[in-house]
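# Overview (structure and organization)
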Amino acid sequence: GDGKPDVDEEEDDESADGALQTIYSLEPMPDEIQEGFAAYKKFRTEPLNVDRERSACLGSTCAKDVAVATRMLSWLKAVKGVVPKTVPHVFASAKIAPATKAFVEHLVQEHGVRYRTVEGYVSSVLNVARFAHEARQRTLGKPVDRSQLEALGALLRQCGVQGRKQDLFDKTTPATWLSWY
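Note that the structure is predicted; figures quoted are calculated from it, not measured.

### Digging into the packing of aromatic side chains
This structure, assessed with the given rule, holds three aromatic pairs. Measuring from ring centre to ring centre gives 5.3 Å for W75 and F103, while their planes differ by 55°; the resulting arrangement is tilted. In this pair, W75 is assigned in helix α3 (residues 59–80) and F103 in helix α5 (residues 96–111), connecting sequence segments 28 residues apart. Exposure remark for W75: the relative accessible area of 3% places this residue in the buried category. Linked through ring pairs, Y40, F43 and F131 together constitute an aromatic cluster. The ring of Y121 carries the charged tip of R71 above its face, separated from the ring centre by 5.7 Å.

Below is the structure:
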């Protein structure tokens with residue numbers, strides 16, 4: 001692992017998040033995907049798990065991760081024609097980092113979602129991808145390539161930097177408001 005804690009901060013940008021839920025939903029969700037997300041929730045919330053590098057998390061964090069992963073799966077299906085088979089099939093894929101980057105760019109450029117918000121989304125994808133890589137490793141019985149996890153970590157850090165830049169330089173407060181700064 002990278003020795004850094006998971007980023008589980010939620011963004012207050014509910015309007016963008018709510019709109020995305022209606023744009024991208026995976027209905028009906030295939031049984032294999034539901035089973036994969038159930039295994040993910042168990043993997044992340046068990047107090048002790050020898051296959052997990054990080055500490056356990058709350059159920060609300062898992063629910064957020066699953067919601068984001070589901071939206072991304074729906075986007076991949078709608079826009080890229082990817083038919084999701086299982087959680088590891090998509091999230092342990094050699095294409096998960098470029099797919100996540102394309103998803104983030106789509107959200108920022110087409111829907112105006114702020115980088116602070118997509119930083120949380122990338123964190124969720126990274127959490128699910130960690131699980132998927134561990135599941136694939138258990139299935140194969142040998143180490144798997146983790147370069148996509150490293151690339152997702154880099155994307156997460158880049159979204160954080162862009163989010164801080166937006167916080168500093170993108171003033172969205174109407175000019176008619178008084179400011180003491």
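Okay, back to it.
### As for the nonpolar core
One finds F37, F91 and V118 to be the most contacted residues of the largest nonpolar core, which totals 43 residues. Mapped by element, the contributors of at least two residues to this core are α2 (31–45), α3, α4 (87–91), α5, α6 (115–140) and α7 (147–169). With 10 residues, α6 is the single largest residue contributor to this core. Ignoring anything within four residues of it in the chain, the contact list for V118 reads V104, L107, V108, V113 and C159.

### Some points on the packing of α3 against α6
Helix packing geometry: the angle between the two helix axes and the distance between the axes. The N-to-C vectors of α3 and α6 enclose an angle of 95°; their axes lie 8 Å apart at closest approach. Looking at the two axes, α3 sits roughly perpendicular to α6. Residues K64, D65, V68, A69, R71 and M72 of α3 form the contact with α6, whose own contacting residues are G120, Y121, S124, V125, N127 and V128.

### Examining the confidence of the model for the protein chain
Per-residue pLDDT for the protein chain has a mean of 83; in total, 80% of the residues score no lower than 70. Across the protein chain, α5 holds the top mean pLDDT of 95, while helix α1 (residues 14–23) sits lowest at 48. Contacts for the low-pLDDT stretch residues 1–19, under 50 throughout, to residues beyond four places or in other chains number 28 contacts.

Here is what the cut-offs are and how they apply
- Residues numbered from 1 in each chain as written.
- Predicted model: local features only at pLDDT ≥ 70, side-chain atom pairs only at ≥ 80, totals over all residues.
- Heavy atoms only, no water.
- Phe/Tyr/Trp six-rings, centres within 6.5 Å; stacked < 30°, edge-to-face > 60°.
- Helix = DSSP H or I, 4+ residues; strand = E, 2+ residues; numbered from the N terminus.
- Buried < 20%, exposed > 50% of the residue type's maximum accessible area, 1.4 Å probe, protein only.
- Lys NZ or Arg CZ within 6 Å of the ring centre and 35° of its normal.
- Core = buried A, V, L, I, M, F, W, Y, C linked by side-chain atoms within 4.5 Å.
- Contact = heavy atoms within 4.5 Å.
- Axes fitted to C-alpha atoms, helices over the stretch in contact; angles between N-to-C directions.
- Parallel < 35°, antiparallel > 145°, perpendicular 65-115°, else oblique.
- pLDDT = per-residue confidence, 0-100.

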